[in-house]
Amino acid sequence: RTRQIVQQPANGGRACGGDLAQTRVCMDEACPGEEAQDCAWGSWADWSRCTVSCGGGQKHRTRVVEVAAKFGGKRCDAATRAEA
């Protein structure tokens, strides 16, 4: 669903808050013959360079979703997208 701003703020009035559009998932159950599919992470990328040359820095690496969850399958945990 969507909505529109019908009057812009004037004379120090406040701007409208919130989203102008909303979406939500519907009909996400598997179709006959299809099964739930769990999310699957891809491989980890290489480690980044250290943030410092001495004194205790950090390295980072990330990975992306290789297979998205479908039809009620288990979603990937966002907390496991990156590590330091």
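Provided above is the structure to which this section pertains.
Our subject in this report is the structure included herewith. Just so it is clear, the model here is predicted, and its values are computed rather than measured. Positions within a chain are numbered from 1, following the residues in the order the chain's sequence is written. Side-chain atom pairs in this predicted model are given and counted only at pLDDT of 80 or more, local residue features only at pLDDT of at least 70, and totals for whole chains, interfaces and linings cover all residues. Derived side-chain values reflect all non-hydrogen atoms in the structure, with water molecules and hydrogen atoms excluded from consideration.

We now examine the overall build of the protein. Along its length, the protein carries zero helices and four strands. Along the protein, from the amino end to the carboxyl end, the secondary structure elements read β-β-β-β. Here the C-alpha atoms of the protein give a radius of gyration of 22 Å, more than 25% beyond the 12 Å that 2.2 N^0.38 yields for 84 residues. Principal-axis analysis of the C-alpha atoms gives the protein an extent of 55 × 50 × 15 Å. Once local pairs closer than 6 in sequence are excluded, the contacts in the protein between residues at least 24 apart make up 50%. In this description, accessible areas are obtained by the Shrake-Rupley approach with a 1.4 Å probe, and a residue is regarded as covered only by the protein chains that are shown. Accessible area for the protein stands at about 7,700 Å²; split by element, carbon and sulfur atoms hold 48% of it. Strands here are runs of E lasting at least two residues and helices are runs of H or I lasting at least four, both read from the DSSP assignment and numbered beginning at the N terminus. We compute the radius of gyration over the C-alpha atoms and compare it with the globule rule, which gives 2.2 Å times the number of residues raised to the power 0.38. What makes two residues a contact is simply this: any of their non-hydrogen atoms within 4.5 Å.

Turning next to the state of the cysteines. Only a pair of cysteine sulfur atoms within 2.5 Å counts as a disulfide in this structure description. Taken as a whole and assessed by the stated rule, the structure comprises one disulfide. A disulfide bridge connects cysteine 39 with cysteine 76, and the sulfur atoms are separated by 1.4 Å. Residues cysteine 39 and cysteine 76 are joined by a disulfide whose S-S torsion is about -85 degrees; by sign, that bridge is left-handed. Of the two residues, cysteine 39 sits in the segment before β1 (40-41) while cysteine 76 sits in the loop between β3 (65-67) and β4 (82-83), which places them 37 residues apart along the sequence. Summarising the burial analysis for this pair, cysteine 39 and cysteine 76 share the class buried. Accessible area is worked out with a 1.4 Å probe on protein chains only. A residue is then buried under 20% of its type maximum, exposed over 50%, and partly exposed in between.

A separate point is the environment of glycine 55. Mapped onto the elements, glycine 55 comes out in the loop between β1 and β2 (61-62). The exposure class assigned to glycine 55 is exposed, which follows from its relative accessible area of 81%.

So, about unusual backbone geometry. Unusually for a residue other than glycine, asparagine 11 sits at a positive phi of about 55 degrees. You can see asparagine 11 is positioned in the segment before β1. Residue classification places asparagine 11 among the exposed positions, given a relative accessible area of 85%.

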